[in-house]
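Residue-level listing of the chains:
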Amino acid sequence: MASGNASSKQRVIIASNRLPLSVKENNGTYETTPSSGGLVSALRGLQAADYLWLGWPGIEVNDKSARESVNASLAKENAAAVWLDQKLATDHYNGFSNAILWPSLHYQSGVVMDDNAWEAYQRVNEIFADEVSNKAKDGDLIWVHDYHLFLLPRLLRKRLQAQNKRCPIGFSLHTPFTVDDFWRGVPVHDQLLEGVLGSDIIGFHTDEYKKNFLGACDTLLDGTRVENDQIHYDNRVVETGKFIVGIDYRKFADASGDHEVLSRIKELETLYKDKQVIIGVDRMDYTKGLPEKLDGFRIFLEEHPDMANKVVLIQIAVPSREDVKEYQDLEAQVSKLVGQISGKHATPHHSPLLYIHRSVSFAELAALYSISDACLLTSRRDGMNLVASEYVACQEARQGVLVLSEFTGAATFLKPGSLLFNPSNTHSLSDALYKALTMDKEERRRNYEELRNFVTTNTSAKWTETFLGELGRLKN
Ligand code: ADP
Ligand code: G6P
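Taking an unreviewed UniProt entry as the reference, the protein chain is identified by name as Trehalose-6-phosphate synthase belonging to Penicillium bovifimosum.

Structure below.
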């Protein structure tokens with residue numbers, strides 16, 4: 001696919017379910033906190049001179065002055081709220097997006113259709129279509145993100161045509177796209193495909209996800225013709241492409257120059273001066289393979305008892321989607337496993353496992369990445385996994401080892417330089433961890449160079465620039 005240049009004159013309208021700030025209620029007052037997750041992290045690299053980011057603030061706020069204060073905070077981030085009532089938002093977000101689409105996209109079968117949630121999903125996509133089309137001006141670039149808004153491109157196209165506005169529409173998927181036979185398990189699979197095919201261009205993180213999507217359109221949607229990376233449908237041609245998502249490398253690599261981060265690094269280095277530290281950072285999500293990680297670590301401790309008092313796994317599990325039953329069950333399972341490992345291996349002097357089930361500040365996150373000898377990521381499936389890249393960016397001095405599940409999108413690109421394993425095989429996980437902690441300096445250096453080259457080349461700024469360049473080119 002030819003590369004283009006986004007014109008700095010073209011305004012960009014971003015539409016995503018999650019905004020860079022999320023609103024939470026605390027004893028009757030509303031607070032905004034930075035959102036976590038790969039989508040928000042990737043879009044922080046947006047360098048378009050002029051953009052507006054529309055999304056759901058995470059909660060219903062009816063009080064007028066509270067709404068105004070939320071709107072003011074969002075405006076500082078070029079963002080604006082698409083307000084939804086709580087029941088509708090819950091049915092769209094938890095009921096359909098997270099209970100039906102999320103598992104299906106991550107190669108799980110057996111989801112149960114919920115007509116009420118599907119109604120809400122359609123309704124929320126309609127509301128977004130109204131908001132985005134009303135805000136859009138002729139010539140704006142529109143960039144829709146992720147599975148919560150699969151129907152939006154088609155709905156938008158109709159509205160924009162009626163309003164006589166010519167705005168190219170791009171769509172980026174931040175999750176895997178499963179194989180057609182699994183996608184068929186979602187009863188409304190064809191309506192979802194038709195929705196997203198309202199885009200001019202659709203971006204995926206890896207070739208595998210793109211291929212699966214093309215395959216699903218080819219086999220499941222009547223009237224489509226797939227040729228090379230193009231889908232001919234409804235008398236239009238929809239482009240698809242792989243766009244490698246990344247991070248703001250310098251933000252993480254330069255973090256140790258910040259006074260707060262540096263003093264925290266020193267404290268942690270003193271605290272763990274005789275230990276090797278393994279870091280894990282994941283949303284509390286069943287796709288992240290946390291039980292597998294804990295099980296693999298338990299086996300590692302049993303197979304290498306001499307190392308139990310010399311290593312510590314610091315696992316941050318950021319609370320996520322806590323209203324969904326599967327996530328509640330996961331939390332209970334993880335807490336139990338943590339208790340079992342600590343109960344068996346902790347001594348009054350040392351515990352090999354430190355479990356943090358809450359969000360941490362950027363300074364704390366950067367310090368923890370920096371002082372760790374290895375980063376352990378065990379996803380059963382993962383669209384990309386930006387934590388892997390963030391760890392690499394914080395390791396210029398230490399040159400630590402990345403121990404990475406082969407089922408992350410990141411593994412496709414970081415294979416040279418990281419230790420890959422299958423998370424379902426807890427022994428291979430334990431072996432990879434042992435290899436990481438005993439690797440000699442020269443091998444670490446060589447591996448680190450490979451990782452660093454990739455992460456410095458494929459930044460979030462490059463991702464946004466490349467995608468918007470393609471989208472801008474389609475207008476001409
Ligand atoms: P996912 O998108 O599935 O959560 P990723 O690994 O791609 O997985 O992205 C997770 C992102 O969330 C990373 O950029 C990470 O830095 C960020 N993150 C983790 N903890 C926090 C936190 N406490 N506050 C804000 N962002 C966080
Ligand atoms: C993944 C999804 C994003 C989502 C993020 C955090 O990265 O692809 O769309 O924003 O997880 O999840 P949340 O449900 O909190 O938005």
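It is worth spelling out the overall build of the protein chain at this point. Each helix and strand in the protein chain was counted, giving 18 helices and 17 strands. Computed over its C-alpha atoms, the radius of gyration of the protein chain comes to 22 Å, within 12% of the 23 Å expected for a compact globule of 476 residues. Residues classed as buried in the protein chain amount to 48% of the 476 residues present. Long-range contacts, defined as pairs at least 24 residues apart, comprise 80% of the intrachain contacts of the protein chain with a sequence gap of at least 6.

The next point concerns the site of ligand 2. Residues in close proximity to ligand 2 include R18, G37, G38, L39, D146, H174, T175, S320, R321 and G383, which together make up its full environment. A class-by-class count of the residues in the shell around ligand 2 yields 1 nonpolar, 6 polar and 3 charged. Split by domain, the residues of the shell around ligand 2 number at least three in each of domain 1 (12–246 + 461–472) and domain 2 (249–457).

In the vicinity of ligand 1, 16 residues are found, and the nearest of them are S36, G38, S41, S359 and L386. Looking at the shell around ligand 1, the elements that each hand over two or more residues are helix 1 (38–43), strand 12 (276–283) and helix 14 (386–393). Broken down by element, the shell around ligand 1 gets its largest block of residues, 3 residues, from helix 14. Of the residues belonging to the shell around ligand 1, the class tally is 8 nonpolar, 6 polar and 2 charged. Residues lining the shell around ligand 1 come from more than one domain, with at least three contributed by each of domain 1 (12–246 + 461–472) and domain 2 (249–457).

Turning our attention to the domain arrangement of the protein chain. Interface size is often expressed as the accessible area that is lost when the parts come together. Segmenting the protein chain into domains produces domain 1 (12–246 + 461–472) and domain 2 (249–457). If you average the C-alpha positions of domain 1 and of domain 2, the two centres end up 30 Å apart. Tallying the contact residues gives 19 residues for domain 1 and 16 residues for domain 2. Mapped by element, the contributors of at least two residues to the side of domain 1 that touches domain 2 are helix 1 and helix 3 (86–105). Taken together, the residues that form the side of domain 1 that touches domain 2 break down as 6 nonpolar, 13 polar and no charged.

To continue, consider the environment of L437. By the secondary structure assignment, L437 is in helix 16 (residues 426–438). Separated by 36 residues in sequence, L437 and V401 have C-alpha atoms that sit 8.0 Å apart.

Right, let's talk about the environment of H345 for a bit. With respect to the element layout, H345 can be found in helix 12 (residues 325–345). Classification of H345 as partly exposed rests on a count of 18 C-beta atoms within 10 Å. Residues H345 and P305, 40 residues apart in the sequence, show an inter-C-alpha distance of 9.2 Å. Sequence-distant contacts of H345, that is, excluding residues within four places in its chain, are made with L301, A308 and P352.

On to the packing of helix 5 (residues 152–162) against helix 7 (residues 189–196), then. Viewed as axis vectors pointing N to C, helix 5 and helix 7 meet at an angle of 50°, and their least axial separation amounts to 5 Å. Considering the angle they form, helix 5 stands oblique to helix 7. The crossing of helix 5 and helix 7 is left-handed. Note on element contacts: helix 7 touches helix 5 through E194, G195 and V196, opposite L152, P153 and R154. Class assignment for the residues of the contact of helix 5 with helix 7 results in 3 nonpolar, 1 polar and 2 charged.

Attention now moves to the sheet that holds strand 15 (residues 374–377). Hydrogen bonding along the main chain pairs the strands of a sheet, whether they run parallel or antiparallel. Strand order across the open sheet formed by 6 strands is 14-13-12-15-16-17, with parallel pairing between neighbours. A strand with exactly one partner marks an edge of an open sheet, and here the two such strands are strand 14 (353–356) and strand 17 (419–421). Ignoring strand direction, the axes of neighbouring strands in this sheet form an average angle of 20°. Both strand 12 and strand 13 (residues 311–318) contribute to a ladder of 8 bridges, which runs parallel.

This paragraph deals with the packing of helix 14 against helix 17 (residues 441–457). For the pair helix 14 and helix 17, the least separation of the axes is 9 Å and the interaxial angle reads 110°. Taken together, the axes of helix 14 and helix 17 are roughly perpendicular relative to one another. Judged by the twist between their axes, the crossing of helix 14 over helix 17 is left-handed. Counting all contacts with helix 14, which are made through S389, V392 and A393, the residues of helix 17 involved are L451, R452 and V455. Residue classes in the contact of helix 14 with helix 17 are distributed as 4 nonpolar, 1 polar and 1 charged.

Turning our eyes to something else, we now look at helix 5. The set of residues buried in helix 5 consists of L152, P153, R154, L155, L156, R157 and L160. On the buried face of helix 5, the contacting elements are strand 1 (12–18), helix 4 (115–135), strand 6 (141–145), strand 7 (169–172) and helix 7.

Time to look at unusual backbone geometry. We note that N164 has phi near 60°; this positive angle belongs to a residue other than glycine. Accessibility expressed as a C-beta count within 10 Å gives 7 for N164, which makes it exposed. Look at Q399: it is not a glycine, yet its phi comes out positive at around 55°.

Another point: the nonpolar core. If you look at the biggest cluster of nonpolar residues, it comprises 141 residues, and the most contacted ones within it are A15, I142, A388, L402 and V403. With 8 residues, helix 3 is the single largest residue contributor to this core. Both domains that furnish three or more residues to this core are identified here as domain 1 (12–246 + 461–472) and domain 2 (249–457). What A388 contacts, discounting residues up to four positions off in sequence, is C375, L377, L402, L404, T408, A410 and L414.

As a further point, take the sheet that holds strand 1. The strand order 5-4-1-6-7-8-11-10-9 describes an open sheet built from 9 strands, whose pairing is mixed. At either margin of the open sheet sits one strand with a lone partner, and together these are strand 5 (79–81) and strand 9 (225–227). On average, each strand axis in the sheet is tilted by 20° relative to the strand beside it, whichever way the strands run. Pairing geometry for strand 9 and strand 10 (residues 230–233), over 3 bridges, is antiparallel.

Reading the values: the criteria
Residues numbered from 1 in each chain as written. Chains lettered and ligands numbered in written order. Predicted model: local features only at pLDDT ≥ 70, side-chain atom pairs only at ≥ 80, totals over all residues. Helix = DSSP H or I, 4+ residues; strand = E, 2+ residues; numbered from the N terminus. Rg over C-alpha atoms; globule rule 2.2 N^0.38 Å. Buried ≥ 20, exposed ≤ 12 C-beta atoms within 10 Å, placed from the backbone. Contact = placed C-beta atoms within 7 Å. Near = placed C-beta within 6 Å. Nonpolar A, V, L, I, M, F, W, Y, C, P; charged D, E, K, R; others polar. Domains from an automatic or database assignment. Axes fitted to C-alpha atoms, helices over the stretch in contact; angles between N-to-C directions. Parallel < 35°, antiparallel > 145°, perpendicular 65-115°, else oblique. Left-handed = near helix turned anticlockwise from the far one by under 90°. Pairing = 2+ DSSP bridges. Core = buried A, V, L, I, M, F, W, Y, C linked by C-beta atoms within 7 Å.

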